[in-house]
Amino acid sequence: MSDAQSIVIAIDGPSASGKSTNARIISAKLGYVYVDTGAMYRTLAWHALNQGTNVTDMAAVEALCREWPAKLVKRENSVWLEVDGYFPEQEIRSSEVSKVVSYVAQVPYVRKWMKERQRSCVDFGDLVMEGRDITSNIFPETPHKFYLDASADERQARRDADGIEENLAARDQRDSTRKTAPLVVADGALVINNSGESPQETSARIIALVENRKLG
Ligand code: C5P
């Protein structure tokens, strides 16, 4: 159960489906704390690359995670993983990290580690949390569950516009077919296809749905 006092807006969806952009707008408008769980997996993938860990070796990634002293910190209105007094930011968005992150994310121990910390975020306040398993696995009990999607062409175009070279289809395939907590449309999640829609429009739709549900 989530903390009875905390409201959690959970948003899942494939890569470049608009989760981060919309979650940021919603958290700013509602004054909720923003949690980018993809950034947490990216930070571990970045650490693994720095340590020379073979990211396709599940036992090696588990061993690395077990010894990882990273901790969650709220800075301004979002949650970050602090690694050795440092908050990695640009480096976790590189193509190198993007290419390997879904290997790190399929390790069961890593998902358990992430789940414990992501659920503890309710201690920071009301949340907008986005990722791949927030509606299905991290906060399945929240009534505010959304699955964002957009056409494959539009998602690839968005990523290309970010200047990041990456084959999204390969990463999405790994995220949707892994054994532990794959990306799925969770029971009770509302699917929002935002192809051709601006983030202002999509986020306004989500806020209206959340406000209505809170009133009802
Ligand atoms: O959202 P973003 O593209 O930054 O996520 C990077 C990767 O982290 C995803 O492709 C996925 O492998 C992993 N991830 C996950 N579960 C989450 C969030 C991200 O497995 N809740």
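Up top is the structure.
None of these values were measured; they are calculated from a predicted model. Per chain, residue numbering runs from 1 following the sequence as it is written. Local features are withheld for residues below a pLDDT of 70 in this predicted model, meaning they are given only at 70 or higher, and side-chain atom pairs are given and counted only at 80 or more; totals for whole chains, interfaces and linings count all residues. Excluding hydrogens and water, the side-chain figures rest on all heavy atoms present in the structure.

> What exactly am I supposed to notice about the pairing of strand S6 (residues 144-149) here?
The side chains of a regular strand alternate, residue by residue, between the two faces of the sheet. When accessible area is computed with a 1.4 Å probe and restricted to protein chains, residues below 20% of their type maximum are described as buried, those above 50% as exposed, and intermediate ones as partly exposed. Helix numbering and strand numbering both begin at the N terminus, where a helix is a DSSP run of H or I of at least 4 residues and a strand a DSSP run of E of at least 2. The element S6 is extensively covered by neighbouring structure, given that five of its six residues are classed as buried. DSSP bridges decide pairing: two strands pair if at least two such bridges lie between them. The pairing of strand S1 (residues 8-12) with S6 spans four bridges and is classified as parallel. Counted as the bridge partner of Ile9 is His144 from S6. With four bridges connecting them, S6 and strand S7 (residues 190-193) associate as parallel partners.

> I'm lost on the nonpolar core in this one. Help?
When a protein is soluble and globular, its nonpolar side chains tend to lie buried together. The criterion is simple. A nonpolar core is a set of buried Ala, Val, Leu, Ile, Met, Phe, Trp, Tyr and Cys residues joined through side-chain atoms within 4.5 Å. Counting residues in hydrophobic clusters, the biggest one holds 39 residues, and the most contacted among them are Leu44, Val110, Trp113, Leu127, Met129 and Phe139. In terms of residue count, helix H2 (residues 37-51) provides more of this core than any other element does, seven residues in total. Throughout, a residue-residue contact means that at least one pair of heavy atoms, one from each residue, lies within 4.5 Å. Apart from residues no more than four positions distant in its own chain, Leu127 is found in contact with Ile7, Val8, Ile9, Tyr32, Val33, Val35, Cys121, Val122 and Phe139. Grouped together as the second largest cluster of nonpolar side chains are 13 residues, Tyr32, Phe146, Ile192 and Val210 included.

> How do you make sense of helix H5 (residues 108-119) when you look at a structure like this?
How far a helix is expected to stretch is found by multiplying one less than its residue total by 1.5 Å. Here H5 contains 12 residues, and its C-alpha end-to-end distance of 16 Å stays within 8% of the 16 Å for a straight helix at 1.5 Å per residue. Tyr109, Val110, Arg111, Trp113, Met114 and Gln118 are the residues of H5 that are buried. Residues of H5 that are buried sit in contact with H2, helix H3 (58-66), strand S4 (78-82), helix H4 (95-104), strand S5 (127-131) and helix H6 (134-138).

> Help me understand the side chain of Arg178 in this model?
Within the secondary structure layout, Arg178 lies in the loop between helix H8 (168-177) and S7. Between N or O atoms, a polar contact is any pair within 3.5 Å; within protein, one atom must be a potential hydrogen donor and the other a potential acceptor, and residues adjacent in sequence are included only when both atoms are from side chains. A distance of 3.4 Å separates the side chain of Arg178 from the side chain of Asp175, its partner in a polar contact. Of note is the side chain of Arg178, whose polar atom sits 2.8 Å from the backbone oxygen of Ala181. Not counting residues up to four positions away in its chain, the partners in contact with Arg178 are Ala105, Gln106, Arg111, Arg132 and Leu183.

> Sorry if this is basic, but what is going on with the site of the ligand here?
Looking at the ligand, there are 16 residues lining it, with Arg42, Arg111, Arg171, Asp175 and Arg178 nearest. In the environment of the ligand, an oxygen atom lies 2.8 Å from a nitrogen or oxygen atom belonging to the side chain of Arg111. Between the ligand and Arg171, the relevant distance is 2.7 Å, taken from an oxygen atom to a side-chain nitrogen or oxygen of the residue. Mapping the ligand onto the cavity grids shows that it belongs to the largest pocket. The element contributing the most residues to the shell around the ligand is H2, with four residues. Charged residues are taken to be Asp, Glu, Lys and Arg, nonpolar residues to be Ala, Val, Leu, Ile, Met, Phe, Trp, Tyr, Cys and Pro, and polar residues to be all remaining types, Gly included. For the shell around the ligand, the class distribution of residues is four nonpolar, four polar and eight charged. Near is defined per residue: the residue qualifies when any heavy atom it owns lies within 4 Å of the molecule or strand. Here a cavity denotes grid points, spaced 1 Å and computed from the protein atoms alone, that fit a 1.4 Å probe unable to get out, and a pocket denotes an open set having protein on both sides within 12 Å along at least 5 of 7 lines; residues with an atom within 4 Å of a point are the lining. If over half the atoms of a molecule are within 2 Å of the grid points of a cavity or pocket, the molecule is regarded as sitting in it.

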